[in-house]
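Below, each chain spelled out in residue letters.
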Amino acid sequence: MGIKRRKPTVVILFTALIVFTFLVLGLTNKKAELPESWIFTVDGYAVTEEEFQFYVTEQRAITTDYFFKTYGAQVDENFWTRQYGENHETPSEYAKKSAMTALLKTKQEQFIADERGIAPYKSFDELKTDMKDENVKRAKMDDSGETYYGLPQFDLYQYMQYLSGARWPDLVETQVKKTKMSEAELQVEYASRSAEYVRVADKLTAALAIAGQAKEEKVLNRLDISKEDTESLKFWESLAAASIGETVIGKYMDEDVIASLITKPEITKLKLEEVKDSIIYGLAESDLRALTANTDKLKIMYNGKQFSELEVN
């Protein structure tokens with residue numbers, strides 16, 4: 001008998017099925033490598049007690065403040081397990097719930113960044129290792145006089161905020177591509193917020209005097225004030241917001257001054273084309289925040305009763 005050859009189509013489909021199977025197994029195995037200390041998983045990724053306690057720690061102050069304002073509760077030996085109010089709230093469960101909300105939001109942002117090719121998902125242990133490496137790197141840059149941005153050393157909370165801040169602009173960019181607005185929708189949005197879409201000039205005119213001297217008419221330019229001179233900026237902005245003839249007292253260019261507004265800064269209404277990108281980016285960022293906050297579809301699997309029996313103290 002002759003050898004029967006498989007049809008090319010069948011071979012291709014069979015090969016594709018094998019590749020797909022190995023890919024799925026690879027992904028599954030990555031998620032299945034659960035550490036001994038895991039208390040639950042989020043979409044298959046382990047959360048250890050150490051990681052969850054990190055989020056609980058960030059919620060302790062918020063929890064004590066809530067129970068003090070709501071019930072007048074003081075932190076004492078039994079504070080975390082005592083029941084308060086008609087709903088029998090306990091600070092321990094409140095802190096756990098708040099911590100879970102914060103953790104899931106962070107996970108959601110990490111998952112989205114991973115899915116969109118911005119930053120790969122990393123476990124809590126991997127993030128801790130990366131933080132230590134980054135701190136070592138910055139210490140060496142300090143020693144050699146190299147320039148870097150941000151803190152010279154991070155604690156874990158600061159490092160998590162640093163990572164989130166670094167990936168957020170890229171996430172917004174990917175969201176812009178998903179945010180579709182018709183010209184009609186842009187017109188409606190522009191019309192509803194047209195009062196915000198203005199350009200305020202940097203110059204105003206005022207009768208100004210240093211304390212104890214006669215007033216002189218002067219043009220005050222906001223651009224002449226350095227960003228570090230917050231007192232002068234505050235004085236300029238107060239004067240710009242005043243009515244014609246109204247008097248403002250404050251500190252300007254390191255002098256105690258008094259000024260009466262003569263002419264307000266010119267206000268120009270911006271056209272739709274000038275603010276179109278701003279509208280779209282604003283909507284995209286709003287959509288992205290809603291997406292990261294919507295964690296209802298994340299699948300959580302608990303490791304026995306370890307999470308339910310965990311108490312904050």
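Per chain, residues are indexed from 1 in the order of the written sequence. For a predicted model such as this one, the threshold for reporting local features is a pLDDT of at least 70, and the threshold for listing and counting side-chain atom pairs is 80 or more; totals across whole chains, interfaces and linings nevertheless cover every residue. Based on all heavy atoms of the structure, the side-chain values leave hydrogens and waters out of the count.

J.: Explain a nonpolar patch on the surface to me, and be specific about the residues and the numbers.
T.: The patches reported here contain residues having more than 30% relative accessible area and no salt bridge. Joining distances are 9 Å for like charges and 5 Å for nonpolar side chains (Val, Leu, Ile, Met, Phe, Trp, Tyr). Accessible surface area values rest on a Shrake-Rupley calculation with a 1.4 Å probe, where residue burial reflects the displayed protein chains alone. We define a salt bridge as a side-chain nitrogen of Lys or Arg found within 4 Å of a carboxyl oxygen belonging to Asp or Glu. A cluster of nonpolar side chains, contributed by Val198, Val200 and Ile267, occupies part of the molecular surface with about 230 Å² of accessible area. Numbering of helices and strands runs from the N terminus, with a helix taken as a DSSP run of H or I at least four residues long and a strand as a DSSP run of E at least two residues long. By secondary structure assignment, the location of Ile267 is in strand S8 (residues 267-269). Classification of Ile267 as exposed rests on a relative accessible area of 55%. To sort residues, take the accessible area from a 1.4 Å probe on protein chains only and compare it with the maximum for the residue type: under 20% means buried, over 50% means exposed, and anything in between is partly exposed.

J.: Go over the layout of surface pockets with me, naming the residues and quoting the values.
T.: By volume, the largest pocket amounts to about 450 Å³. Going through the elements one at a time, helix H2 (49-71), helix H3 (91-115), helix H5 (156-178) and helix H8 (272-293) are the ones with two or more residues in the lining of the largest pocket. In terms of residue count, H5 provides more of the lining of the largest pocket than any other element does, eight residues in total. Using protein atoms alone on a 1 Å grid, points that fit a 1.4 Å probe yet trap it form a cavity, whereas open point sets bounded by protein on both sides within 12 Å along at least five of seven lines form a pocket; residues with an atom within 4 Å of a point count as lining. Grid points are joined across faces, edges and corners, and a volume is the space filled by probe spheres set on the points.

J.: Tell me about the sheet that holds strand S2 (residues 45-48), residues and numbers included.
T.: As summarised here, the arrangement of the three strands in space is S2-S1-S9, forming an open sheet in which the pairing is antiparallel. The open sheet is flanked by S2 and strand S9 (300-302), the only strands paired with a single partner. The mean inter-strand angle of the sheet, taken between neighbouring strand axes irrespective of direction, is 30 degrees. If DSSP finds at least two bridges between two strands, the strands pair. Inspection of the sheet shows strand S1 (residues 38-42) paired to S9 by three bridges, in the antiparallel sense. Paired with Val42 across the two strands is Ile300, which belongs to S9. Contact definition: two residues touch when any of their heavy atoms are within 4.5 Å. Here an axis means a line fitted to C-alpha atoms, over the contact stretch when the element is a helix, while the angle between two N-to-C directions is reported on a 0 to 180 degree scale. The strands touched by H2 are S1 and S2; relative to S2, the strand with the most contacts, the crossing angle is about 65 degrees.

J.: Could you give me a rundown of the nonpolar core, with the residues and numbers involved?
T.: Core analysis: the largest hydrophobic core is formed by 32 residues, its most contacted members being Phe40, Val42, Phe52 and Leu103. Elements that contribute at least two residues to this core include exactly S1, S2, H2, H3, helix H4 (124-144) and H5. Considering each element in turn, this core owes the most residues, six residues, to H3. Phe40 has contacts with Tyr45, Ala46, Val47, Phe52, Met100, Leu103, Ile300, Met301, Tyr302, Asn303 and Phe307, leaving out every residue within four places of it along the chain. The nonpolar core is taken to be a set of buried Ala, Val, Leu, Ile, Met, Phe, Trp, Tyr and Cys residues, with the residues joined through side-chain atoms within 4.5 Å.

J.: I'd like to hear about the side chain of Glu109, residue by residue, with values.
T.: In this fold, Glu109 is placed in helix H3. In this structure Glu109 comes out as buried when scored by relative accessible area, which is 8%. Non-local contacts of Glu109, meaning those with residues more than four positions away in its chain, are made with Ser164, Arg167, Trp168, Leu171 and Thr292.

J.: How would you explain the packing of H3 against H5 if you had to name every residue and give the values?
T.: For the pair H3 and H5, interaxial distance at closest approach is 11 Å and the crossing angle is 45 degrees. Judged by the inter-axis angle, H3 sits oblique to H5. When you trace H3 past H5, the crossing you get is left-handed. Only Met160, Ser164, Arg167, Trp168 and Leu171 of H5 make contact with H3, whose side of the interface consists of Thr106, Glu109, Gln110, Ile112 and Ala113. Of the residues contributing to the contact of H3 with H5, the split by class is five nonpolar, three polar and two charged. These descriptions rest on fixed angle ranges, namely under 35 degrees for roughly parallel, over 145 for roughly antiparallel, 65 to 115 for roughly perpendicular, and the rest for oblique. The handedness criterion is simple: a crossing whose near helix is rotated anticlockwise from the far helix by less than a right angle is left-handed, and one whose near helix is rotated clockwise is right-handed. The classification used treats Ala, Val, Leu, Ile, Met, Phe, Trp, Tyr, Cys and Pro as nonpolar, Asp, Glu, Lys and Arg as charged, and all other residues, Gly among them, as polar.

Scope: geometric values only; no functional claims are made or implied.
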